[in-house]
Amino acid sequence: MKITKITSHVLQYDLPEELGYSQQYYAKRSAHIVEVETDEGITGWGECFGPGNVAIANKGIVEKVIQPMILGDDPLDRDVIWHKVYNLLRDHGQKGMPLQSLSGVDIALWDIAGKVAGLPLHKLIGGAHRTKVKAYGYGMMLKRESVDDHVARFKDEAAEILDMGFVATKMKVGLGPKNDVRACEAVAAGVSDRGQFMVDANHCYTTSDAFYVGRALDEMGAYWFEEPVAPEDLDGYRELRAALSVNISGGEAEFNRWGWRQILENRGLDIAQPEVCALGGITEYLRVLALCHAHFTPVINHVWGSAVAVATNLHLLAAMPPLPGGLNPWEPMLEFDTTDNKFRDQLLREPLDIQGQVKSGDGLVSVPTGNGIGVEPDRDFLRAYAIDL
């Protein structure tokens, strides 16, 4: 079997309303789907992390840089291909967009391998430790409105997300430390004793400001404090983890096993959040997971993007060993964006219907059982939402 063609499908549409987080506002939803074709008619699907113009740039890397390197290679030689591409791109960046681009290709190769073997992804990895995964819903995005309006909206939205059936909810912050504490208090009130809530700062704080917010979160009983400081600030992560009770989480902006080795040896995380569509794909994710568990650091995958990313992560969460084990072990959760996302809800021939599963299944989502990642995009949908480049 040989790789004959790699295609990047960059999709985009206008959101019904502008949304924001601590770094920016955005009015368009985008996704970057990768298709790998073979001479035996078997096609694999993957996804690259990165929105908007980043996705457009990554399309160039996938099609113009990576594709010529691996045309004619056996798609089942996933590790060989991974190291071939990584080594040839090492001089041009060991992190960031080259790794995002490689991730989408690698995921598609695993999809092909599952289809050739007649097995779902989680079976290729080693089997499912669980057939259903708990899901938490995130929302409470920033908007161009007053702090008072944020506070009122966040309280109601937190309760609404739990009403949808999610086991926990996550909010965004970025209004400034004092205003963020007010917003967190509103979410804590909206959640009450019905579930957990988490706070995602998207690395907007200095260490001192993160301590101010983190101490307030300790009092409120928040479950985790995500990306409180810049990903480069390893000392800040370690200091926060040592002094605060709230779990410190992060890692979505880190790449490959070498970057993750630094984070884990630094002991700055209570919960690791690797992004499979960015760090190097499934091949590298499995190495990162092993590193995390070698440091006894629980993993809750970062999930952003289309139904391809969601399906891939459901397999990875199913195949994740319990840590540390026991009769009632700590369990991972599926991250789910509750805001408008056609690429998650309408991309597939057979939708995953995460919201429906959560509502009817006590917050649980079934792991796909089809071969490979177990989903197939609708080509008419791909054409309808493709960016005209």
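Let us look at the structure shown here. Every value quoted in this text rests on a predicted model; they were computed, and no experiment measured them. (Residues numbered from 1 in each chain as written. Predicted model: local features only at pLDDT ≥ 70, side-chain atom pairs only at ≥ 80, totals over all residues. Heavy atoms only, no water.)

With respect to the packing of helix α7 (residues 207-220) against helix α8 (residues 234-243)
Inference 1: Between α7 and α8, the shortest axis-to-axis distance is 10 Å and the interhelical angle comes to 25°. Here α7 lies roughly parallel to α8, going by the angle between them. Like other packed secondary-structure pairs, α7 and α8 cross with a definite hand, here right-handed. Contacts from T207, A210 and F211 in α7 reach G236, E239, L240 and A243 in α8.
Inference 2: Among the residues forming the contact of α7 with α8, the class breakdown is four nonpolar, two polar and one charged. (Axes fitted to C-alpha atoms, helices over the stretch in contact; angles between N-to-C directions. Helix = DSSP H or I, 4+ residues; strand = E, 2+ residues; numbered from the N terminus. Parallel < 35°, antiparallel > 145°, perpendicular 65-115°, else oblique. Left-handed = near helix turned anticlockwise from the far one by under 90°. Contact = heavy atoms within 4.5 Å. Nonpolar A, V, L, I, M, F, W, Y, C, P; charged D, E, K, R; others polar.)

Looking at the environment of G44
Inference 1: You can see G44 is positioned in strand β3 (residues 43-47).
Inference 2: For G44, a relative accessible area of 0% puts it in the buried group.
Inference 3: For G44 and L286, which are 242 residues apart along the polypeptide, the C-alpha to C-alpha distance reads 19 Å. (Buried < 20%, exposed > 50% of the residue type's maximum accessible area, 1.4 Å probe, protein only.)

Points about the pattern of salt bridges
Inference 1: As enumerated under the stated definition, the model contains 26 salt bridges in all.
Inference 2: Residue D235 pairs with R238 through a salt bridge whose shortest N-O separation is 3.0 Å. On the criterion of helical spacing, the pair formed by D235 and R238 is a turn pair, its members being three residues apart in helix α8.
Inference 3: With a relative accessible area of 42%, D235 lands in the partly exposed category.
Inference 4: For R238, a relative accessible area of 34% translates into the label partly exposed.
Inference 5: One network of salt bridges, with partners in common, ties together K170, K172, D200, E226 and E335. (Salt bridge = Lys/Arg side-chain N within 4 Å of Asp/Glu carboxyl O.)

Everything listed here is a matter of geometry and, on its own, says nothing about what the molecule does.
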